[in-house]
Amino acid sequence: MDRDTSAGTPETRAAEGEKDAKLGHGNDRVISADEYFQRVRHPHVRGCKWDGEDWQNLLGELGKDPIRHAERRFVSLVNEDHGDLCGASPGIFIGIQMIHPGEVVPNHRHNSVAIYHYLQGEGFTTVEDVRYPYKKGDTIVCPAWAYHKHEAFGDEDTIMYVAQDMPEMAAK
């Protein structure tokens, strides 16, 4: 929608005290809850199920190699209905990561929140210099931009499930 600029810029109208002066880009809008929920719903996105055997087999193959790119071994669970914003659901990434005993995933950070749930193994996850021990069944949350690292020890691989808002962050 074009704005009438004959009376000056929005900034000058606002400076002159006009009550109806509109600042910004003109992309603001107030909508009803009904319209909001229609807009955020993705009817083309279907439910999805990943067989445990599939991710376990691929992760097992990756586990035969030394630590991989970005110092991580993980598989991603992707719902192909999302196109370029690949994730398990709009805005959500799910990965399953393996760390062998004695390995360390070095200190790093990312712009997404990460929720780690440990399916097996034991070790430590350090978030912003606070060292949290983990074992099977534990969950640790790492805030966005927080430095963190993972260390595995014991007799079995650490397998952890991670959910992140990574696709949402990538879209911004």
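Residues numbered from 1 in each chain as written. Predicted model: local features only at pLDDT ≥ 70, side-chain atom pairs only at ≥ 80, totals over all residues. Heavy atoms only, no water.

Glancing now at the environment of Ile94. With respect to the helices and strands, the residue Ile94 is situated in strand E2 (residues 93-99). Each C-alpha atom, one on Ile94 and one on Met166, is 9.2 Å from the other, the two residues being 72 residues apart in sequence. Not counting the four nearest positions on each side in its chain, Ile94 is found in contact with Val75, Ser76, Leu77, Ala88, Tyr161 and Val162. (Helix = DSSP H or I, 4+ residues; strand = E, 2+ residues; numbered from the N terminus. Contact = heavy atoms within 4.5 Å.)

A few words now on the pattern of salt bridges. A side chain of one charge can pair with a side chain of the opposite charge when the charged atoms of the two come close. Counting across every chain of the model gives 6 salt bridges. With its nearest N and O atoms 3.5 Å apart, the salt bridge here joins Glu151 to Arg131. With Glu151 in strand E8 (residues 148-153) and Arg131 in strand E6 (residues 130-134), this residue pair connects regions lying 20 residues apart in the sequence. A salt bridge links Lys135 to Asp138; its shortest N-O distance comes to 3.2 Å. (Salt bridge = Lys/Arg side-chain N within 4 Å of Asp/Glu carboxyl O.)

As enumerated under the stated definition, the model contains 3 aromatic pairs in all. On the numbers, 6.0 Å between centres and 85° between planes, the contact of Phe74 with Phe93 is edge-to-face. Here Phe74, found in strand E1 (residues 73-77), pairs with Phe93, found in strand E2; they are 19 residues apart in sequence, far enough to count as distant. Of note, Arg131 hangs over the ring of Phe124, and the distance from its end group to the ring centre comes to 3.6 Å. (Phe/Tyr/Trp six-rings, centres within 6.5 Å; stacked < 30°, edge-to-face > 60°. Lys NZ or Arg CZ within 6 Å of the ring centre and 35° of its normal.)

Along the chain, Gln164 turns up in strand E9 (residues 158-164). Residue Gln164 is classed as buried on the basis of its relative accessible area of 8%. Here His110 takes part through its side chain, which lies 3.3 Å from a polar atom of the side chain of Gln164. In this view, Gln164 contacts Gly91, Ile92, Phe93, His110, Ser112, Val113 and Ala114; residues no more than four positions away in its chain are not counted. (Buried < 20%, exposed > 50% of the residue type's maximum accessible area, 1.4 Å probe, protein only. Polar contact = N/O pair within 3.5 Å; in protein donor to acceptor, adjacent residues only side chain to side chain.)

A separate point is the sheet that holds E2. One open sheet accounts for 5 strands, arranged E1-E2-E9-E4-E7; its pairing is antiparallel. A single partner strand is all that each edge strand has here, and the edge strands are E1 and strand E7 (139-142). Strand after strand, the sheet turns through a mean of 25° between neighbouring axes, direction not considered. Judged from the 5 bridges that link them, E1 and E2 form a sheet pairing that is antiparallel. Following the sheet pairing, Leu77 is matched in E2 by Ile94. Sitting on the sheet, helix H3 (residues 52-62) is in contact with E1, E2, strand E4 (114-120) and E9, with an inclination near 155° to E1. (Pairing = 2+ DSSP bridges. Axes fitted to C-alpha atoms, helices over the stretch in contact; angles between N-to-C directions.)

Right, let's talk about the nonpolar core for a bit. Counting 14 residues, the largest nonpolar core has Tyr116, Tyr118 and Cys142 as its most contacted members. Among the elements of the structure, E2, E4, E7 and E9 are those that each provide at least two residues to this core. With residues up to four places along the chain from it excluded, the contact list for Tyr116 reads His110, Asp138, Thr139, Ile140, Cys142, His148, His150, Met160, Tyr161 and Val162. Formed by 10 residues, the second largest nonpolar core is a distinct cluster that contains Leu62, Ala88, Ile94 and Met98. (Core = buried A, V, L, I, M, F, W, Y, C linked by side-chain atoms within 4.5 Å.)

Another point: the sheet that holds strand E5 (residues 122-127). As summarised here, the arrangement of the 4 strands in space is E3-E8-E5-E6, forming an open sheet in which the pairing is antiparallel. Each edge of the open sheet is held by one strand with a lone partner, namely strand E3 (104-108) and E6. Averaged over all adjacent pairs, the angle separating strand axes in this sheet is 15°, with direction ignored. Direction of pairing for E5 relative to E8: antiparallel, over a ladder of 6 bridges. Of the residues in E8, the one forming a bridge with Thr125 is His150.

In short, geometric facts, not functional conclusions.
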